[in-house]
Amino acid sequence: MEELNAVITCVGGYVPDYVLTNEEISELVDTTDEWIMTRIGIKERRILKGEGLGTSFMGTKAVEEIFRKSDVKPEEIDLVICATTTPDYSFPSTAALIAHNLGMKNAFAFDMEAACSGFLYGLETANAFIKAGRYKKIILVSGDKLSSVTNYTDRTTCPIFADGAGAVLIEPTTEKVGVMDSQLYTDASGFKHLHVWGGGSANPLTHEDLDNHRYTIYQEGKVVFKVAVTNMADSSELVMNRNGLSKEDINWIVPHQANIRIIDAVANRMGVDREKVMINIQRLGNTSAGTIPLCLWEWEDKLKKGDNLILTTFGGGFTWGATYLKWGYDKKEN
Ligand code: UT7
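As the structure is a computational prediction, the values presented were derived from the model and not from experiment.

Asker: In this structure, what is going on with the sheet that holds strand β1 (residues 5-14)? I would like to understand it.
Answerer: In sheet architecture, strand pairing relies on hydrogen bonds along the backbone and comes in two forms, parallel and antiparallel. Pairing is mixed in the open sheet, where five strands are placed in the order β1-β7-β6-β4-β5. Every other strand in the sheet has two partners, leaving β1 and β5 (108-112) as the edge strands with one partner each. Put simply, the sheet's adjacent strands are angled 20° from each other on average, direction ignored. Alignment of strand β4 (residues 79-83) against β5, held across five bridges, turns out to be parallel. Within β5, the position partnered with Ile-81 by the bridge is Phe-110. Packed onto the sheet, helix α4 (residues 94-102) meets β4, β5 and β6 (138-145) and runs at close to 140° relative to β5. Running at roughly 85° to β1, helix α10 (residues 291-299) makes contact with β1, β6 and β7 (163-173) of the sheet.

Asker: In this structure, what is going on with the site of the ligand? I would like to understand it.
Answerer: Taken together, 21 residues form the shell around the ligand, and within it Thr-31, Arg-39, Lys-222, Asn-259 and Asn-286 come nearest. Taking Gln-219, its side chain carries an N or O atom lying 3.0 Å from a nitrogen atom of the ligand. Within the side chain of Asn-259, one N or O atom sits 2.7 Å away from an oxygen atom of the ligand. A total of 960 Å² of accessible area belongs to the ligand in isolation, and the protein chains cover 74% of it. Listed by contribution, the elements that provide at least two residues to the shell around the ligand are α2 (33-39), α7 (221-242) and α8 (260-270). In the shell around the ligand, the residues fall into nine nonpolar, seven polar and five charged.

Asker: Could you clarify how one ought to interpret unusual backbone geometry in this entry?
Answerer: Trans is the common state for peptide bonds, and a negative phi is the common state for residues other than glycine. Cis geometry is adopted by the peptide bond preceding Pro-92, which originates at Phe-91 and carries an omega value of 0°. Here Pro-92 shows up in the loop between β4 and α4. In this chain, Gly-317 is followed by Phe-318 through a cis amide linkage whose omega measures -5°. Relative to the assigned elements, Phe-318 resides in the loop between β12 (308-315) and β13 (319-326). Residues other than glycine seldom take positive phi values, yet Ala-115 does so here, at roughly 50°. On the secondary structure map, Ala-115 appears in the loop between β5 and α5 (118-131). Of note, the phi angle at Ser-288 is positive, near 60°, even though the residue is not glycine. Inspection of the secondary structure puts Ser-288 in the loop between α9 (281-284) and α10.

Cut-off values and rules
Residues numbered from 1 in each chain as written. Predicted model: local features only at pLDDT ≥ 70, side-chain atom pairs only at ≥ 80, totals over all residues. Heavy atoms only, no water. Pairing = 2+ DSSP bridges. Helix = DSSP H or I, 4+ residues; strand = E, 2+ residues; numbered from the N terminus. Axes fitted to C-alpha atoms, helices over the stretch in contact; angles between N-to-C directions. Contact = heavy atoms within 4.5 Å. Near = heavy atom within 4 Å. Polar contact = N/O pair within 3.5 Å; in protein donor to acceptor, adjacent residues only side chain to side chain. Areas by Shrake-Rupley, 256 points an atom, 1.4 Å probe, with all protein chains shown as cover. Nonpolar A, V, L, I, M, F, W, Y, C, P; charged D, E, K, R; others polar.

If you want it as structure tokens, here you go:
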């Protein structure tokens, strides 16, 4: 039997309408547009407003675009994976809600949680299901409503985080395109540096913890920054070396969008020019599991069949890694 590869055949995305500017953040906490632009590189970010709207709302919109753009029908989908750290509810899963919203009634659906690394974890999982020959049409939807776990009185974190979701359709092919290789890691010794402490089964809701912002993101920025640069660059280099890729072979680097200085440091270490790096952090901020698919969504028209992409990420857990993806199609007329 010919070897099957898992290839992305369509991309969708959604960011909310509300634009939270640095000026508005400066009214909430003691900061300035200049500090945020110099230290983080974010000018504005999107925030999901509206009572009862969670990650499934954005995920549904992103997947809806895939059904608009492709010939694939919701009932043909075998599997829905939703990568998110901010599910609508403890249960049912956000994947189940999205599948229901769009009539993917023949799919089984589940969530996976790997913080900002969710998309690469989801892609690796979908890749294994496709290679096994078990499933033929997989939706991977990946995103977060980080505004729901952001402390808007903490100037060290609130300028960073944002809301958004991207989605991809993944199908089998016998061509040599799609997910070529990947190396992912997890190390929970990073827990103390980056976490949301309360609201889970270890520390269920209390009034006191709520008053002390223990249901929002805690981050030791400097520590996380250093590890993020090293680990994203190391894992990218490892995947490139293992596949005999030099920097000249790379068409695009698709990094997690946490800080423009992290993105630049990783690209510099890899020796890749900035024009080859997908960057939308200025406009969209850090949407956690949403950053990488939202980059693919925004750059979709520029991508060509056979382009070599290195996707790399770092997030809470710690979770991190890199994936080598060979793009599977040229621009489609929609
Ligand atoms: O996506 C998940 C992974 N997350 C990341 O990769 C994030 C990694 N970390 C970072 O991006 C950066 O560390 C931050 C953006 C979080 C912080 O930048 P930094 O350059 O590391 O700043 P710092 O924490 O060292 O703080 C420097 C100074 C401090 O003042 P003092 O102690 O030197 O007087 C902070 O209090 O900047 C101060 N500061 C601010 N000043 C104005 C911190 N936040 C702000 C702010 N506005 N918003």
